Amino acid sequence: MRLNMAFSSVGTALLCALALTTHLTWASPRTFSIDYQNDCFRKDGEPFRYISGSIHYSRIPRVYWKDRLLKMYMAGLNAIQMYVPWNYHEPAPSHYNFSGDRDLQHFLQLAQDIGLLVIIRPGPYICAEWDMGGLPAWLLNKKDIVLRSSDADYLDAVDKWMGKLLPMLKPFLYQNGGPIITVQVENEYGSYFACDFNYLRHLSQLFRSHLGQEVVLFTTDGAGLGYLRCGALQGLYATVDFGPGANVSSAFAAQRHAEPHGPLVNSEFYTGWLDHWGERHAVVSSAIVAKSLNEILALGANVNLYMFIGGTNFGYWNGANSPYAPQPTSYDYDAPLSEAGDLTDKYFAIRDVISLYSKIPEGPVPPSTPKYAYGAVKMKRLQTVSEAADLLSFSGPVKSAFPLSFSEMNQYFGFLLYRTKLPVDCTTPSPLSSPLNGVHDRAYVSVNGVASGILERDKSITINITGKAGSLVDILVENMGRVNYGKNINDFKGLVSNLTLGSEVLRDWVVYSLAIDEAVSKGLLHEDASLEAAPPSHLSTPTFYAGSFSIPDGIPDLPQDTYIQFPGWGKGQVWINGFNLGRYWPSKGPQVTLYVPAHILTTAAPNNMTVLEFESAPCTEGACTVEFTDTPILNATITHTAANRRRLFSKEDLS
Ligand SMILES: *[C@@H]1O[C@H](CO)[C@@H](O)[C@H](O)[C@H]1NC(C)=O
Ligand SMILES: *[C@@H]1O[C@H](CO)[C@@H](O)[C@H](O)[C@H]1NC(C)=O
Ligand SMILES: *[C@@H]1O[C@H](CO)[C@@H](O)[C@H](O)[C@H]1NC(C)=O
Ligand SMILES: *[C@@H]1O[C@H](CO)[C@@H](O)[C@H](O)[C@H]1NC(C)=O
Ligand SMILES: *[C@@H]1O[C@H](CO)[C@@H](O)[C@H](O)[C@H]1NC(C)=O
Ligand SMILES: *[C@@H]1O[C@H](CO)[C@@H](O)[C@H](O)[C@H]1NC(C)=O
């Protein structure tokens, strides 16, 4: 029965067209609405179907926005879908940033100039494999806050943020002359445990109060009745998401259960899939994507391809899944446009399918950007983090009987250094432990400057250490990205519970907030003349390295994009000219190369690179180099822990 309904939307397109004639005599203004009688959208009175693609401006440098959008337009898309990550724009309460790479309105304007409509998803929660699903970590300053619910403090922060954001979006609504045709409320709320209808109702009213009664608001949930139960709300048009290989008619039947009439919409049709460190790189074949896309379009349904271009989690922006599994720096997603915006076979396969239903714009597709292999760069060792602690801690260390978390230290990303002394002689190996699994997320432990091991959330809660009473214990804790999905998104970072030595709780800590990004930008780190060459070791303490390279003369069109790789290095973070490119972890994989966009490079001076290596650099054997290549490697899993653990919505029997 539902299947019939789905097919009937194709047949009624004609009816929609007839109704148009009467409408046009009014010389109608710009309108965008849902036609429940004829199961379609209407744009300016005419039946309308979108074929859209997801792009996240926060994962692409601003200089490349236009190139990527144009490639999307040339694939035959008539719309894009985008999230707004709250934490990207409000890094601290009431401190907003909408400039440079965060200039959301500029991005909207570019989309409109190119001829693309916009489906916007302002959250507040977005998932998106983005730190904490886009929620600002400072919300955790209230320790027992219930995120994504009617918790008063949460709603208060949401109201303030939306009071800032939604008025900025209003002039970009279609009916106000802009590109935005629909606005999503929350994101896959039906997959969250809280199931708080008062919260959804509050958001619905909040969005209406800022954006007006006319705008089409919608929700997106997994294509199963179990998801739609808590995700759909009267007044918000319910849409579903599902990937290739799903049974298209039964997936839309789930949407029909929530919306017996109106357009069929798949808000996230997966072109690829996300990665985690230590798991195989996800690959989805073009053939299966093309086949499912064809089925969806044949039904007359609206579709958004998630992702059309994935881009990059620069800096510290990646999220994580639970049990703790952080996503890598690349968000390539095996999408039709690569991480670097390059055209792939999948791009052309999708374009061919679209051309069966819609006219592809004439003219050449913008080419892939050229890449240049700048070659090997020699790195020299600078200070260790422990040696540089005072210099890196702008606010000075804080004394505390027990460890303080990132939020207690008022720092939200990066690294904290915890220092204490061994209370007793540990002449034989003694267990240093986090009994409550409270290392969030990875702790590099040293005693008197010598590396003694790594504690890691959900993986390693005990190591043995040795040393005399009074020895200095330094523990650098890396925040590897907050959980972005499920019930564990209240993801506190740092040492969030006590450490024990034997049976004794360790006390009397000194905690250093580390302003590493600022120190790198300002060039504060230096070589320490007193440093002896570190003895060869499979594990060293976290150490900075620096190198520089010049762009060759006499070659036209340089600088170009490139990829950096770390042969023989362990795990770390890398900056070029102060720009934080993200995390590398070639010993884990699957990602081996990091994308380096050309705009951070210069021909005017040597380019300065800083590396913070946590485990071990190949610098005692002389081969202390990193290397620029022209080819990405994203699929070289070396330490393989598990197959792709979570397939969203594969538990079809929630319905
Ligand atoms: C705002 O964001 C841009 C782009 O990331 C950045 O360059 C700039 O420094 C930020 N501004 C402030 C005040 O933090
Ligand atoms: C898809 O599901 C419908 C029931 O909703 C079923 O009739 C049909 O056979 C299924 N198609 C395939 C290819 O499995
Ligand atoms: C710690 O050392 C003890 C005694 O040598 C040994 O039995 C134990 O396996 C070690 N634990 C770890 C985590 O290495
Ligand atoms: C650490 O242990 C002390 C003493 O047992 C206790 O008071 C404190 O609450 C603990 N801290 C955490 C974060 O568990
Ligand atoms: C790199 O550092 C050198 C030495 O401090 C400086 O002269 C040069 O301008 C820096 N390069 C860039 C791109 O900032
Ligand atoms: C990795 O990807 C490349 C390029 O697509 C391919 O040639 C290679 O076979 C892949 N390697 C693995 C281990 O899957």
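No experiment lies behind these values; they were computed from the predicted model shown.

J.: Looking at this structure, how should I read helix α11 (residues 345–355)?
T.: Those residues of α11 not exposed but buried are K346, Y347, I350, R351, V353 and I354. Angularly, the buried residues of α11 cover 160 degrees about the axis, an arc narrow enough to put them on a single face. Relative to its buried face, α11 has exposed residues pointing more than 90 degrees away, namely D345 and D352. One side-chain oxygen of the residue at the start of α11 lies 3.2 Å from the amide nitrogen of K346, identifying that residue as T344.

J.: Looking at this structure, how should I read the packing of helix α3 (residues 65–74) against helix α5 (residues 104–114)?
T.: Geometrically, a packed helix pair is captured by the angle between its two axes and the distance between the axes. Interhelical geometry of α3 versus α5 gives an angle of 35 degrees and a closest axis separation of 10 Å. For the crossing formed where α3 meets α5, the hand is right-handed. For the pair formed by α3 and α5, the contact residues are W65, K66, L69, L70 and Y73 on the first element and H106, F107, L110, A111 and I114 on the second. Here the residues of the contact of α3 with α5 are counted per class, giving eight nonpolar, one polar and one charged.

J.: Sorry if this is basic, but what is going on with the state of the cysteines here?
T.: Chemically, a disulfide is nothing more than a covalent bond linking the sulfur atoms of two cysteines. Applying the stated criterion to the full structure yields two disulfides. Between the sulfur of C195 and that of C230 lies a disulfide, 2.0 Å long from S to S. Note on the C195 and C230 pair: the S-S dihedral is about -85 degrees, so by sign convention the disulfide is left-handed. Taken together, the residues span a long stretch of sequence, with C195 in the loop between β7 (180–184) and α7 (197–211) and C230 in helix α8 (residues 225–231) at a distance of 35 residues.

J.: Help me out: how do you make sense of the UniProt feature "domain: Glycoside hydrolase 35 catalytic" (unreviewed entry) in the chain in this one?
T.: The UniProt entry lists residues 41–355 under the feature "domain: Glycoside hydrolase 35 catalytic" (unreviewed entry), expressed in the numbering used here. For residues 41–355, helix accounts for 32% and strand for 18%, while the C-alpha atoms at its two ends are 21 Å apart.

About the criteria used
- Residues numbered from 1 in each chain as written.
- Chains lettered and ligands numbered in written order.
- Predicted model: local features only at pLDDT ≥ 70, side-chain atom pairs only at ≥ 80, totals over all residues.
- Heavy atoms only, no water.
- Buried < 20%, exposed > 50% of the residue type's maximum accessible area, 1.4 Å probe, protein only.
- Helix = DSSP H or I, 4+ residues; strand = E, 2+ residues; numbered from the N terminus.
- Arc of directions from axis to C-beta.
- Polar contact = N/O pair within 3.5 Å; in protein donor to acceptor, adjacent residues only side chain to side chain.
- Axes fitted to C-alpha atoms, helices over the stretch in contact; angles between N-to-C directions.
- Left-handed = near helix turned anticlockwise from the far one by under 90°.
- Contact = heavy atoms within 4.5 Å.
- Nonpolar A, V, L, I, M, F, W, Y, C, P; charged D, E, K, R; others polar.
- Disulfide = S-S within 2.5 Å.
- UniProt positions renumbered as here; feature names shortened; annotations may be inferred.

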